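# Tertiary structure, described
Chain by chain, the residues:
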Amino acid sequence: MLRRIWTLFSARNREFYRDKSTLGWNVFFPLFIIVGFSVLFSSDTQNLYKVGIVRNDEVATQQIASQLKKFREMQYLEFIEFKDRDDALYKLNHHRIDLLVDPTTAEYWVSKTSPKGYVVEKILQAASLQGNTTAFKKQSVIGREVTYIEWLFPGILGMNIMFSSLFGVGYVVVRYRKNGVLKRMSVTPVRPYEFMTAQIMSRIFVLLTTTAIVYTGTVLIFGFENHGSYLALLIVFALGGFTMTSLGLLVASRIASEELAEGFLNIITWPMMFLSEVWFSLEGARPWVKNVSGVLPLTHLVDCARKVINDGASIYDLRYQLLSLAVMALVFLTMGSLLFKWQRG
Amino acid sequence: MDYKYILEVEGLVKQYPEVRAVDDISFAIEPGICFGLLGPNGAGKTTSIEVIEGIVKPTQGKILYKGRSRTSTFHEEAGIQLQSTELPQFLTVKETLQMYRNLYRVKADMDYLVETCRLEDILKRDNRKISGGQKQRLLLAIALANDPDLVFLDEPTTGLDPQARRHLWDIVTRIQQGGKTIILTTHYMEEAEILCDRIAIMDHGKIIAMDSPESLLNRYTTGTTIVLESDVEQSFLDSMPCKWYRMQDHIEIQTESPDQCIQQLMQEGVTLSGMSVRSPNLEDLFLKLTGHDLRA
């Protein structure tokens, strides 16, 4: 029995070792993630909460200055300075910062629905408490405050679209190539662009349908509303899905190994998941991180969806970002078509 | 019809970095016949047929379809069954056939396809739940979906049990009787003898003989083949006035005078139980031409 187990064990090990692509991904992918994220979120920048400070040289009183100093010495807080209070309030309303302090007037604002805001408020109160009173006065948020779920929800939808597009198209096309379905297709009059168009259209149709179901379900459960038009939202999701699907087709343009394709798809989706502000805002992140985020299609998709749902933005308001998505899709599709091969080898 | 041959291949070569898979082959096929490319695995049959089908680019050579170079419409007109293809998953047999039919401008009649390829009973079945023979029949129907004049069948019966194989032969015969030209690759001699009007025997990328099965047998083989299952001393075999071949599990003797040969074997005390005597077939022909077994 042991001999048989050993035989199979060693054969499997040999197989795994000789499949260089799988070996590569198994070793380098986790390494890439660890190294990547250690650079992005190294300990000196790893802060759990983001506090906006309205920058002004005048501080109301000496007492406030000392309380603010104590607050700034607290751990796990990142302080981001804003020149303009209205700009900072907008960002607070949109969960890009968790709390806003104006030292000049000794006022602070906190989002009522943000779980993080509640914690930061407690830290502020602890830091500034003298006797039973604190010098900072809580102010009610001006304008419409976006609830946390309203902020998070477009991000989740965008992420879902990303996974569905990349894996749903990329992975399937690679499997078709591997098992010869594509080779059979190549001896029919079907041309590569026709095949790719059909794949994209089918995936966008599936995406929009599933997104609509998830959207309706979430609205029914949480009861929030879309402040923009549904047409704008439809265009954002369709264009975002188009860009992502094109990227999936580019990845799948000539690979014939599912393992290799999975590796590529992971290496694309993971950074997008963390750098496209799906889960947390990159407010205050290093400029290069923001630059990287800016070239990721998911960043634009999520941002556009948030602007429509949370702020009622129109297609015209989003024109530059939508144009960026369209350009990306065009680049991915062109490259995908040029690289496309019906069969392996 | 302003062409003599539906397909002409001239000086076709396919060179891979390490092997010359197709080495200067030429042939021409008249309309309405079944032409067989016959040879062992690795002889270059599939590469040849895939070059003609347009899947693989030739290194050199000329291919004419209906007297002209193939154009982009070739795939509209040709019917192609590849050697190993998976079918799209989660579709039924009927949906798959309809999908392929809809890819062409000219469509074969659905009832004709279903009836010719005997798909009546499995039309509603999921592609993943059909047997090997049923899958080959569906692939054959797909190859006929555009009502082609020329049909390529690359080893259509490989891996099938004898009954399923015979079933498929009947279908291929019916298709040919319907006026279509068929190019078939196979490593089964019996299949080539039954189905093909003309055959080209391939080995190591070259065509080593080409004609009708009968003419080839008449030209290259004479006499009788004796198959012995028992082992015989090599020195004795060498002393006999006939050609002999030691195969994996038997010995084949090709002789002009079987009576004399059997007498000699009996005198030598060779066990004749399990011995068979038959006329030469394509298998013997291949052996004679190449010196090795077709299945090798």
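So, how was this worked out
Residues numbered from 1 in each chain as written. Chains lettered and ligands numbered in written order. Predicted model: local features only at pLDDT ≥ 70, side-chain atom pairs only at ≥ 80, totals over all residues. Helix = DSSP H or I, 4+ residues; strand = E, 2+ residues; numbered from the N terminus. Contact = placed C-beta atoms within 7 Å. Pairing = 2+ DSSP bridges. Core = buried A, V, L, I, M, F, W, Y, C linked by C-beta atoms within 7 Å. Buried ≥ 20, exposed ≤ 12 C-beta atoms within 10 Å, placed from the backbone. Domains from an automatic or database assignment. Nonpolar A, V, L, I, M, F, W, Y, C, P; charged D, E, K, R; others polar. Expected span 1.5 Å × (residues − 1). Axes fitted to C-alpha atoms, helices over the stretch in contact; angles between N-to-C directions. Parallel < 35°, antiparallel > 145°, perpendicular 65-115°, else oblique. Left-handed = near helix turned anticlockwise from the far one by under 90°. pLDDT = per-residue confidence, 0-100.

## Brief notes about the overall build of chain B
Broken down by element type, chain B carries eleven helices and 14 strands. Based on the C-alpha atoms only, the size of chain B along its principal axes is roughly 70 × 45 × 40 Å. A separation of at least 24 residues holds for 71% of the contacts in chain B among residues at least 6 apart in sequence.

## What about the sheet that holds strand 4 (residues 60-65) of chain B?
Backbone-to-backbone hydrogen bonds pair the strands of a sheet. The strands run either parallel or antiparallel. Residue and element names in this part refer to chain B. Overall, antiparallel pairing links the four strands, which are arranged 2-1-4-5 in an open sheet. Unpaired on one side and paired on the other, strand 2 (20-29) and strand 5 (68-69) mark the two borders of the sheet. As paired elements, strand 1 (residues 7-15) and strand 4 share five bridges and run antiparallel to each other. Among the inter-strand pairings, Leu-7 is bridged to a residue of strand 4, identified as Tyr-65.

## A word on the nonpolar core
All names here are of chain B. Core analysis: the biggest nonpolar cluster contains 62 residues, and Ala-141 and Ile-182 have the highest contact counts within it. In terms of residue count, helix 5 (residues 132-143) provides more of this core than any other element does, six residues in total. In this view, Ala-141 contacts Leu-97, Leu-113, Cys-117 and Leu-119; residues no more than four positions away in its chain are not counted.

## Here we look at the domain arrangement of chain B
In many reports, interface size means the accessible area that the parts give up when they come together. With domains assigned, chain B is organised as domain 1 (7-218) and domain 2 (223-279). A straight line from the C-alpha centre of domain 1 of chain B to that of domain 2 of chain B covers 38 Å.

## Considering the interface of chain A and chain B
Listed by partner, the interface residues are ten residues for chain A and 13 residues for chain B. Tallying contributions element by element places helix 7 (residues 181-186) of chain A first for the side of chain A that touches chain B, with four residues. Tallied by class, residues from the side of chain A that touches chain B come to four nonpolar, four polar and two charged.

## Let's talk about helix 6 (residues 148-179) of chain A
Since the α-helix turns once every 3.6 residues, residues separated by three or four places project in the same direction. Across its 32 residues, helix 6 of chain A extends 46 Å between first and last C-alpha, which sits within 8% of the 46 Å expected from 1.5 Å per residue. At the exit of helix 6 of chain A stands Gly-180 of chain A, carrying a positive phi of roughly 95°.

## Considerations on the packing of helix 8 (residues 192-222) of chain A against helix 9 (residues 230-251) of chain A
How two helices sit against one another is set out by the angle between their axes and by the gap between those axes. Residue and element names in this part refer to chain A. It is at 9 Å that the axes of helix 8 and helix 9 come closest, and there the two elements cross at 135°. Here helix 8 is positioned oblique relative to helix 9, judged by the angle of their axes. Where helix 8 crosses over helix 9, the two elements pack in a sense that is right-handed. Packed against helix 8, whose contacting residues are Met-196, Gln-199, Ile-200, Arg-203, Ile-204, Leu-207, Leu-208 and Thr-211, the element helix 9 presents Phe-237, Ala-238, Gly-241, Phe-242, Thr-245, Ser-246 and Leu-249 at the interface.

## Some words on the confidence of the model for chain B
All names here are of chain B. Of the residues in chain B, 98% have a pLDDT of 70 or more, and the chain-wide mean is 88. Summarising per-element confidence for chain B, the mean pLDDT is lowest in helix 11 (residues 282-290) (78) and highest in strand 7 (residues 150-154) (96). Across the predicted assembly, pTM comes out at 0.75 and ipTM at 0.81.

## Focus on the environment of Ile-122 of chain B
Residue and element names in this part refer to chain B. Within the secondary structure, Ile-122 is located in the loop between helix 4 (110-116) and helix 5. Look at Ile-122 and you get buried, because 20 C-beta atoms sit within 10 Å. Between the C-alpha atom of Ile-122 and that of Asp-231, which follows or precedes it by 109 residues, the distance is 49 Å. Among residues more than four places away in sequence, those in contact with Ile-122 are Val-93, Ile-130 and Gln-134.

## A short note on unusual backbone geometry
Residues and elements named next belong to chain B. Residues other than glycine seldom take positive phi values, yet Lys-66 does so here, at roughly 50°. Backbone geometry at Asp-147 places phi at a positive 50°, although glycine is not the residue there. As for its position among the elements, Asp-147 is in the loop between helix 5 and strand 7. Judged by local crowding, Asp-147 falls into the partly exposed class, with 17 C-beta atoms found within 10 Å.

## Here's the deal with the packing of helix 6 of chain A against helix 8 of chain A
Residues and elements named next belong to chain A. In contact at an axis separation of 10 Å, helix 6 and helix 8 are set at 155° when each is read in the N-to-C sense. Classified by the angle their axes make, helix 6 and helix 8 are roughly antiparallel. For the pair helix 6 and helix 8, the crossing hand works out as right-handed. Residue-level contacts link Ile-149, Phe-153, Leu-157, Asn-160, Ile-161, Ser-164, Ser-165, Gly-168, Val-169 and Val-173 of helix 6 to Gln-199, Arg-203, Leu-207, Thr-211, Val-214, Tyr-215, Thr-218 and Phe-222 of helix 8. For the contact of helix 6 with helix 8, the per-class residue count stands at ten nonpolar, seven polar and one charged.

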